[in-house]
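Chain by chain, the residues:
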Amino acid sequence: EMLGKPTRTEPSAFGYEWWVYNQSLTTYLLIGIEGDKVTQAFAAGKNVEVAPYEIGQQLADIYRFTLVQSEITFSIDSNTYTFTLSEEDINNRILVQFDNLFAMLYIDTESQQLEAVRFTDPKTILLHKPYDILYNGIMVEAKTPDSLSQVAIDRANERQIYELTNVYRYRNGLQLLVSDNE
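First, a word on scope: everything that follows refers to the structure included in this document. Remember, predicted model here, so these are calculated numbers, not experimental data. (Residues numbered from 1 in each chain as written. Predicted model: local features only at pLDDT ≥ 70, side-chain atom pairs only at ≥ 80, totals over all residues. Heavy atoms only, no water.)

### Observations regarding the overall build of the protein
Then, number 1: Helix and strand counts for the protein stand at four helices and 10 strands.
Then, number 2: When its helices and strands are written in sequence order, the protein yields β-β-β-β-α-β-β-α-β-β-β-α-β-α.
Then, number 3: Rg of the C-alpha trace for the protein: 17 Å, near the compact-globule value of 16 Å for 182 residues, within the 12% margin.
Then, number 4: With the principal axes as the frame, the protein shows a C-alpha extent of 45 × 45 × 35 Å.
Then, number 5: Sorting the 182 residues of the protein into buried and exposed places 40% on the buried side.
Then, number 6: Of the contacts formed within the protein by residues at least 6 apart in sequence, a portion of 46% connects residues at least 24 apart.
Then, number 7: In the structure as shown, the protein presents an accessible area of about 10600 Å², 51% of it carried by carbon and sulfur atoms.
Then, number 8: For the protein, the centre of its 14 positive side-chain charges and the centre of its 26 negative side-chain charges are spaced 4 Å apart. (Helix = DSSP H or I, 4+ residues; strand = E, 2+ residues; numbered from the N terminus. Rg over C-alpha atoms; globule rule 2.2 N^0.38 Å. Buried < 20%, exposed > 50% of the residue type's maximum accessible area, 1.4 Å probe, protein only. Contact = heavy atoms within 4.5 Å. Areas by Shrake-Rupley, 256 points an atom, 1.4 Å probe, with all protein chains shown as cover. Lys, Arg positive; Asp, Glu negative; His and termini not counted. Charge placed at Lys NZ, Arg CZ, Asp CG, Glu CD.)

### A short note on the sheet that holds strand β6 (residues 79-84)
Then, number 1: Strand order in the open sheet formed by three strands is β5-β6-β10, and the pairing between neighbours is antiparallel. Looking along the sheet, the strands with just one partner apiece sit at the ends: β5 (71-76) and β10 (132-136). Here the strands of the sheet are splayed against their neighbours by 20° on average, with no regard to which way each runs.
Then, number 2: Judged from the five bridges that link them, β6 and β10 form a sheet pairing that is antiparallel. Each bridged residue has a counterpart across the sheet, and for phenylalanine 83 the counterpart in β10 is isoleucine 133. (Pairing = 2+ DSSP bridges. Axes fitted to C-alpha atoms, helices over the stretch in contact; angles between N-to-C directions.)

### Regarding the nonpolar core
The nonpolar side chains of soluble globular proteins are, as a tendency, buried together.
Then, number 1: Counting 25 residues, the largest nonpolar core has Phe42, Phe74, Phe83, Leu95, Ile125, Leu126 and Tyr131 as the members making the most contacts within it.
Then, number 2: Among the secondary structure elements, those contributing two or more residues to this core are β2 (17-21), β5, β6, β8 (101-107), α3 (122-128) and α4 (147-171).
Then, number 3: Setting aside residues no more than four positions away along its own chain, leucine 95 makes contact with Ile72, Phe83, Leu85, Phe102, Ala103, Met104, Ile125 and Tyr131.
Then, number 4: Grouped together as the second largest cluster of nonpolar side chains are 20 residues, Leu29, Ile62, Ala103 and Leu114 included. (Core = buried A, V, L, I, M, F, W, Y, C linked by side-chain atoms within 4.5 Å.)

### Side note on the environment of valine 48
Then, number 1: Within the element layout of this structure, valine 48 appears in the loop between β4 (37-43) and α1 (59-65).
Then, number 2: Residues valine 48 and threonine 26 lie 22 residues apart in sequence; the distance between their C-alpha atoms is 7.3 Å.
Then, number 3: Every residue in contact with valine 48, bar those within four places of it in the chain, is listed here: Thr26, Thr27, Tyr28, Leu29 and Ala43.

### Here we look at the sheet that holds β4
Then, number 1: An order of β1-β2-β3-β4-β9-β8-β7 is seen for the seven strands of this open sheet, with the pairing classed as antiparallel. Of all the strands in the sheet, just β1 (8-11) and β7 (93-98) have a single pairing partner and so form its edges. Along the sheet, successive strands turn relative to each other by an average axial angle of 20°, direction set aside.
Then, number 2: Pairing geometry for β2 and strand β3 (residues 29-34), over five bridges, is antiparallel.

### Some remarks on unusual backbone geometry
Then, number 1: Cis peptide bonds are those with omega within 30 degrees of zero, and the linkage from alanine 51 to proline 52 qualifies with 15°.
Then, number 2: If you check the backbone angles, aspartate 77 has positive phi at about 55° while not being a glycine.
Then, number 3: Within the fold, aspartate 77 resides in the loop between β5 and β6.
Then, number 4: Residues other than glycine seldom take positive phi values, yet lysine 129 does so here, at roughly 50°.
Then, number 5: Relative to the helices and strands, lysine 129 resides in the loop between α3 and β10.
Then, number 6: Taking relative accessible area as the criterion, lysine 129 reaches 30% and is therefore assigned partly exposed.

The structure is reproduced here in structure tokens:
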């Protein structure tokens with residue numbers, strides 16, 4: 001309700017739908033929706049509110065007020081999961097736990113600045129499996145899409161990668177790419 005109608009909606013391979021808010025390169029935002037529930041928000045636009053962080057923030061500043069752990073353990077029902085972050089993850093894809101919410105902080109390796117933030121619920125992060133994981137109980141798995149759905153998912157991924165590339169190019173003062181579907 002706060003964001004209004006998205007520019008478009010697109011399928012994902014993980015059971016949720018992406019609501020794409022791409023009105024501006026500085027406010028680019030993807031919202032994952034499953035049924036009537038927001039499962040995640042992926043913010044890359046410089047002017048998107050991602051408190052307690054800020055797009056463009058220096059990694060050193062993030063380390064000052066964020067407890068960065070190499071292992072994060074959580075439970076869903078009677079199942080226990082532990083993500084193990086490598087040294088590369090800790091420098092490029094930091095995972096921070098806030099009660100029943102996770103923040104994945106994507107750091108640009110050249111500038112050492114925060115490029116994007118993904119706020120996600122526990123089930124959705126398990127579907128993505130972005131880190132090494134140990135678990136006790138049942139692993140949450142994504143349903144494999146049929147071939148027609150997979151084609152639509154692939155086209156959606158292409159559009160999102162193209163748009164995100166231009167968000168980052170714009171932020172870094174580089175010429176924007178022009179789409180060529182051929």
